[in-house]
Amino acid sequence: MPISATPNETALIAKPARRALLKRAAAMAAAGVVLPSAARAATATANESLRATGPAAFGKALAHDASGQLSAQTLGSFDAATASGKIVDWERLPVNNEIRLVNPLAAYPWDKDPMAADVIKLPPFPALESERLAEEALELYWMALLRDVPLWDYERSSLVRDAVAELRKTKLNTDVTASTLFRLGLPGESDGYWISQLLWMPIPYGAHNVWQGYRTAFKGSDFMTKWDDYLRVINGEWPPGILNHFGDLFYLRSGRDVGEYVHWDFSYQAFINAASILLGNPHRPRENWPATNPYKTSRTMNGFVSMGPAYVHSAMGMVSDCAFKACWNEKWLRHRALRPEEYGALVDREVRGEATGVHPLIVQSLAVKRVREKFGSALLPQAYPEGAPPHPAYPSGHAAVAGACVTVLKAMFDEKRKLRFPLQPTRDGKDWEAINPNLPAPTVGAELNKLATALSVGRNFAGVHWRSDAWQGLLLGESVATAWLKAEKMKCVEGQQGWLKSFEFTNFAGQKVIV
């Protein structure tokens, strides 16, 4: 579907003064300037005005009552720890079980980073009672129902037809079809298969290749569909369920397969793999470089430590670290949005007759009816026994890293180049074959965008993130990468001497960006 500005993005554009204030505060802090108390208060107020409260707030791993709610005292302690940033206040929180909050202290340094002044701040997360959030939840309930349908079988699945029919009634998915279902509309993303070639092609790994067969979960492995199980996990107990896996390795084929890939991957795994695939022969890299890389036409030199193979691989770690810091700042300090599993609990309580404030669109939906018929509750089925990780939803860390790494890769490689030897899995997923010749020839730029979608939306398939998390996470990562490329150009010899004129890439909105 085409990309357009969401109401949240429009709201962000309409508030330039707030963005300017936050950027100026971050830049001054990075320079060691002590902000006046009024400016500090204004920055804190801007964050607090976005931060979710009450049932709209993330609260996993904190102590909940039998109805799944946090006490006013717990929420007050959470607010106090967030505001102070003091370890002693975080250590006082009622986290009493094995699952613990993931690294909230990492949220604080980003505003003091010099790079932060050049990176966007995200718009508000959709309100709990909003139709927009209900539409995003509807998408997630259908994803849960469709986890085991191979993505290339969507055109002939009756369940997909039902999903498309209901989703087309929403503003979020007005024009969706079976072939565009669960895509983000990135440039080239709608060409060919949903899953990127960069998750199928063999990965050059030193003197041998790594074939991309992965451990995949049993079909129908869904969790937290009973209230007692949900309550134990949301309170931080290790789940009673076990996720069983097939003994054989399979190429990724379904939403469940992709969801399981992003269950176990390390932060920039897919992107360092993609870099290796795109490099091909690291001793003859020139054919893969874009025209902006000065070493492509150098008479005497090749790049390596800078603008070359070693640089591309190390860049994945460096830029993902920056993206995580920006993401954690947004998650913990600015939004603290609830996870889909927490919203699903509100839907379940609403179905049982309680007033929880969620929009009636989701409560009355066919998707929720189907989930209730299958599982006996309206809880959002989770693909992981432990459900979502214990840190706020918005934005997605996977999406932020994907946005950052893919943007750097697009700047480092020729986006228009066709991939050599593309493939597709066999129907059973155990082997590979040549790609269908009737499909468009995969290009570097399109397959990188598909990779960004898969790593982001794969978490949505698992039930742990929202579409807003994925889309805004990609935009945040893209902004981080743009700032990182700007800094790299300024500090490298090639840039200082004017040999490296610019980094260039096509952004997620389809626009050419020159750094």
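Let me sum up the structure you'll find in this document. (Residues numbered from 1 in each chain as written. Predicted model: local features only at pLDDT ≥ 70, side-chain atom pairs only at ≥ 80, totals over all residues. Heavy atoms only, no water.)

1. Focus on the overall build of the protein chain
Here comes step 1: A count of helical and extended segments in the protein chain gives 18 helices and six strands.
Here comes step 2: Rg of the C-alpha trace for the protein chain: 23 Å, near the compact-globule value of 24 Å for 515 residues, within the 12% margin.
Here comes step 3: Across its three principal directions, the C-alpha atoms of the protein chain cover 75 × 65 × 40 Å.
Here comes step 4: Pairs at least 24 apart in sequence give 78% of the contacts found in the protein chain among residues at least 6 apart.
Here comes step 5: As presented, the protein chain carries roughly 21200 Å² of accessible surface, and 55% of it is formed by carbon and sulfur atoms.
Here comes step 6: Here the protein chain holds 57 positive side-chain charges and 52 negative ones, and the gap between their average locations is 5 Å. (Helix = DSSP H or I, 4+ residues; strand = E, 2+ residues; numbered from the N terminus. Rg over C-alpha atoms; globule rule 2.2 N^0.38 Å. Contact = heavy atoms within 4.5 Å. Areas by Shrake-Rupley, 256 points an atom, 1.4 Å probe, with all protein chains shown as cover. Lys, Arg positive; Asp, Glu negative; His and termini not counted. Charge placed at Lys NZ, Arg CZ, Asp CG, Glu CD.)

2. Things to note about the environment of His 283
Here comes step 1: Within the fold, His 283 resides in the loop between α10 (269-279) and α11 (309-335).
Here comes step 2: What makes His 283 exposed here is its relative accessible area of 69%.
Here comes step 3: Distance in space between the C-alpha atoms of His 283 and Leu 159 is 49 Å, their sequence separation being 124 residues. (Buried < 20%, exposed > 50% of the residue type's maximum accessible area, 1.4 Å probe, protein only.)

3. Things to note about helix α6 (residues 131-145)
Here comes step 1: In this model, α6 (15 residues) spans 21 Å end to end at C-alpha, consistent with the 21 Å of a helix rising 1.5 Å per residue.
Here comes step 2: With respect to burial, α6 is a largely interior element, 13 of its 15 residues being buried. (Expected span 1.5 Å × (residues − 1).)

4. Let's talk about the side chain of Thr 407
Here comes step 1: Locating Thr 407 in the fold gives a position in helix α15 (residues 397-412).
Here comes step 2: For Thr 407, a relative accessible area of 0% corresponds to the buried category.
Here comes step 3: Of the polar contacts made by the side chain of Thr 407, one reaches the backbone oxygen of Gly 403; its length is 2.6 Å. (Polar contact = N/O pair within 3.5 Å; in protein donor to acceptor, adjacent residues only side chain to side chain.)

5. Some thoughts on the environment of Glu 98
Here comes step 1: Here Glu 98 is to be found in the loop between α5 (87-91) and α6.
Here comes step 2: In this structure Glu 98 comes out as partly exposed when scored by relative accessible area, which is 40%.
Here comes step 3: For the pair Glu 98 and Ser 77, spaced 21 residues apart in sequence, the C-alpha separation works out to 20 Å.
Here comes step 4: Other than its neighbours up to four places away in sequence, Glu 98 contacts Gly 236, Glu 237 and Trp 238.

6. Re the nonpolar core
Here comes step 1: Core analysis: the biggest nonpolar cluster contains 140 residues, and Phe 182, Phe 271, Tyr 343, Ile 362 and Leu 455 have the highest contact counts within it.
Here comes step 2: The element best represented in this core is α11, accounting for 12 residues.
Here comes step 3: In terms of nonpolar packing, the next biggest core, distinct from the first, is built from 11 residues, Ala 217, Phe 223, Val 233 and Ala 345 among them. (Core = buried A, V, L, I, M, F, W, Y, C linked by side-chain atoms within 4.5 Å.)

7. Points about unusual backbone geometry
Here comes step 1: In the segment running from Tyr 394 into Pro 395, the intervening peptide bond is cis, with an omega of -5 degrees.
Here comes step 2: Looking at where Pro 395 falls in the secondary structure, it is placed in the loop between α14 (366-375) and α15.
Here comes step 3: With a phi angle near 60 degrees, Met 224 is a residue other than glycine that sits in the positive phi range.
Here comes step 4: The buried category is assigned to Met 224, whose relative accessible area is 5%.
Here comes step 5: The backbone phi angle of Arg 336 is positive, close to 50 degrees, even though this residue is not glycine.

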